[in-house]
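Observations on the three-dimensional arrangement
What follows is the residue order along each chain.
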Amino acid sequence: MHPNPHHLRQRASVILTALLLFALVSLIFSGMTGSVQIPLADIPAALNQLAHGQAQTLAATLLDLRLSRAMVAFVTGAALSLAGVMMQALLRNPLADPYVLGISAGASVGALAALLFACAIWVVDSAAFTGAVTVSMMLYLLARRDLRGGTAAEGGTALLLLTGVILSSACMALVTLMLSIAPESRLRSMVFWMIGDLAGAPVRALPWVVLAGALVFALRSARSMNVMALHAEAAATLGIRVGSLRKGLFFVSGLLTASAVTSAGSIGFVGLIVPHACRFAVGPDHRLLIPAATLTGGTFLLLADTLARTIIAPQQLPVGVVTALIGAPVFLYQLHRLRK
């Protein structure tokens, strides 16, 4: 007996509304929380000041700073999570993550090279994005046969995955070389970038534009992703343009990863555990999984960054440390459930 489509739409609406409300509550909580607490009663007046372009009180000033960082955390987490869903669909492996093909390693080479030469922050961001895009293009040129269809449609992703691992290893060798010759005055900032840190991350429109475009593409491709996940061998005969879909998933997930890494460095586990957890919670249907994972990933990184700012306040931890400490046991639990 097939489920009623009306009931499915109703269930999706309830889940997504709940996730959206939780994201908004988390955003307000993040603005209130820090080494100096903002009382809940002061939030409306502070928001009103910010809406009028003024920050006359301490509460409004703190809220402005914290909400800016919170918005960067949300868009970064959402991008990594959406990239994880798309990468798992591309490789047909629920344990794949956005960094598995070495795109993050390429960004690390570019960013650390700029940091090594004490470049301005916009140069560091540009170098990170350029490094990620360069590795993506190299990966496409070396493994393009695996993205066309044919053997790729039958699940043959070995060439793509192996090429990504080799490129990642080469990039990490360059990263190790730069870290070993970096002067001590620059080593701390380089290590923090490698771990993943949102301190001082600027609010920019580009990550939101990339996320919105990727979300539109993913939702339009959701039915095809469902067919490819369930019937990979017969996807082409069912009317799915496998080659185009795989190329789209590859390039869009790579662009999302490049955008996220450029904003906040290499933050691990978000693109791995969030899509996998959402798949357990809401099912494998990409029409619901895609928006659910996007909202959950943004909220997860937002709360992780709030914890990183407050757990040893006034000092701050790199958010990548917090996501790793949370993600490792959660991932082991998910692996245990997967085995069962």
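See above for the structure.
As a starting point, this report considers the structure included with it. (Residues numbered from 1 in each chain as written. Predicted model: local features only at pLDDT ≥ 70, side-chain atom pairs only at ≥ 80, totals over all residues. Heavy atoms only, no water.)

1. So, the environment of L256
Within the secondary structure, L256 sits in helix α10 (residues 242–264). With 31 residues separating them along the chain, L256 and R287 place their C-alpha atoms 19 Å apart. In contact with L256, not counting residues within four places along its chain, are A79, L82, A83, M86, V210, L211 and A214. (Helix = DSSP H or I, 4+ residues; strand = E, 2+ residues; numbered from the N terminus. Contact = heavy atoms within 4.5 Å.)

2. A few points about the packing of aromatic side chains
Applying the stated criterion across every chain, the model contains 4 aromatic pairs. Plain terms: the ring middles of F74 and W208 are 6.4 Å apart, the flat faces sit at 15° to each other, and that makes the pair stacked. In this pair, F74 is assigned in helix α3 (residues 58–91) and W208 in helix α8 (residues 206–220), connecting sequence segments 134 residues apart. Classification of F74 by relative accessible area gives buried; the value is 16%. For W208, a relative accessible area of 31% corresponds to the partly exposed category. A ring pair is formed by F250 and F251, whose centres lie 5.2 Å apart and whose planes are at 70°; its orientation type is edge-to-face. By relative accessible area, which is 34% here, F251 ends up partly exposed. Ring-pair connections join several aromatic residues into one group, and the members of that group are Y140, F250 and F251. (Phe/Tyr/Trp six-rings, centres within 6.5 Å; stacked < 30°, edge-to-face > 60°. Buried < 20%, exposed > 50% of the residue type's maximum accessible area, 1.4 Å probe, protein only.)

3. Some thoughts on the packing of α8 against helix α12 (residues 286–310)
Taken N-terminus to C-terminus, the directions of α8 and α12 make an angle of 160°; their axes are 9 Å apart at the nearest point. One finds that α8 runs roughly antiparallel with respect to α12. The handedness of the crossing between α8 and α12 comes out as right-handed. Residue-level contacts link L211, L215, A218 and L219 of α8 to R287, I290, P291 and T294 of α12. Along the lines of polarity and charge, the residues of the contact of α8 with α12 split into 6 nonpolar, 1 polar and 1 charged. (Axes fitted to C-alpha atoms, helices over the stretch in contact; angles between N-to-C directions. Parallel < 35°, antiparallel > 145°, perpendicular 65-115°, else oblique. Left-handed = near helix turned anticlockwise from the far one by under 90°. Nonpolar A, V, L, I, M, F, W, Y, C, P; charged D, E, K, R; others polar.)

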